[in-house]
Amino acid sequence: MELHHVDTGGAGRPLVVLHGLFGSADNWRSHIKRWQESRRVIAVDLRNHGKSPHEPGMDYATQAADVDALLDRLAVDSCDLLGHSMGGKVAITLARQAPERVARLIVADIAPVAYEHEHEAIFKAMRAVERQPPSSRKEADRIMAEFVETPATRQFLATNLIRGENATLVWRVGLDEIEEDYAHIVAVPDGQGAYTGPTLVLRGERSDYVGDDVLPAVESVLPEARIETISDAGHWLHAEQPEAFQEALARFLTV
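Read on for a plain summary of the structure. Not measured: the values here are computed from a predicted model. (Residues numbered from 1 in each chain as written. Predicted model: local features only at pLDDT ≥ 70, side-chain atom pairs only at ≥ 80, totals over all residues. Heavy atoms only, no water.)

**Quick word on the side chain of arginine 96**
Alright, step 1. With respect to the helices and strands, the residue arginine 96 is situated in helix H3 (residues 86-97).
Alright, step 2. A distance of 3.2 Å separates a polar atom in the side chain of arginine 96 from the backbone oxygen of glycine 191.
Alright, step 3. Ignoring sequence-local partners within four residues, the contact set of arginine 96 consists of Pro189, Asp190, Gly191, Gln192, Gly193, Tyr195 and Val221. (Helix = DSSP H or I, 4+ residues; strand = E, 2+ residues; numbered from the N terminus. Polar contact = N/O pair within 3.5 Å; in protein donor to acceptor, adjacent residues only side chain to side chain. Contact = heavy atoms within 4.5 Å.)

**Topic: the environment of glutamine 192**
Alright, step 1. Secondary-structure assignment places glutamine 192 in the loop between helix H8 (182-185) and strand S8 (199-204).
Alright, step 2. Taking the relative accessible area as the measure of exposure, glutamine 192 reaches 71% and is therefore exposed.
Alright, step 3. C-alpha of glutamine 192 to C-alpha of arginine 40: the two residues are 152 residues apart in sequence and 30 Å apart in space. (Buried < 20%, exposed > 50% of the residue type's maximum accessible area, 1.4 Å probe, protein only.)

**Quick look at the pattern of salt bridges**
Alright, step 1. Per the counting criterion, the structure on display carries 19 salt bridges.
Alright, step 2. A salt bridge links glutamate 243 to arginine 34, with the nearest nitrogen and oxygen atoms 3.1 Å apart. Taken together, the residues glutamate 243 in helix H11 (residues 242-253) and arginine 34 in helix H1 (residues 29-35) connect sequence positions 209 residues apart.
Alright, step 3. Aspartate 72 is the partner of arginine 101 in a salt bridge, and the nearest nitrogen-oxygen pair spans 2.8 Å. Placement of the pair is arginine 101 in the loop between H3 and strand S5 (102-108) and aspartate 72 in helix H2 (residues 60-73), with a sequence separation of 29 residues.
Alright, step 4. The exposure class of arginine 101 is buried, given its relative accessible area of 9%.
Alright, step 5. A relative accessible area of 49% means that aspartate 72 is categorised as partly exposed.
Alright, step 6. The network of salt bridges with common partners includes Arg13, Arg39, Asp80 and Arg104. (Salt bridge = Lys/Arg side-chain N within 4 Å of Asp/Glu carboxyl O.)

Structure below.
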């Protein structure tokens, strides 16, 4: 599996960025512009996402192995690793399995616990678009609105639409592979033991992904974690409060 990625180049230890479910490296463009002013950044499309290949296997050991292989190809011995949501679980898995490779870990709005299956409406919306390939994003939004009420969520999903045959819009994600292995996506990260390197866990004030009830699990797997809450932010904290997100990372990475 050769993952597609964006590499800004440059010397020194890079910041490697992993997106969440149905995301891609493209979601981080504005942040990358800021980060690349002072360091190398490598933003990754995980398997079945963005421009990376579609293959079965969404368990975290497999996804972490994909990223590990990419770092081998890029001759990156050590990196600062940032993962949001599903990408956060991939990052935790890689940090546990290859701690020598992760100098510092940033986990954005996810905990090392199993979550309830909560994407049923999103899968229905995406399948509806698949059955009725729209000719415009406005039409795609209308189709998805039957299943997904929140406009921001529909807009986020629409970042995965590309022009296919007959000029209609199609999904670029591996929807079959993702839905088939969804149980692994909501499961706990893979790996044994704890990652004891410097860690920052960021959570959104309005998100319920990292509530106080899961902090014991965070402490068990990431005993050196510093917990910071981004005010007035939900699960997509890096998009909703970009300045606060940048500032939190800067404080952590410059220590």
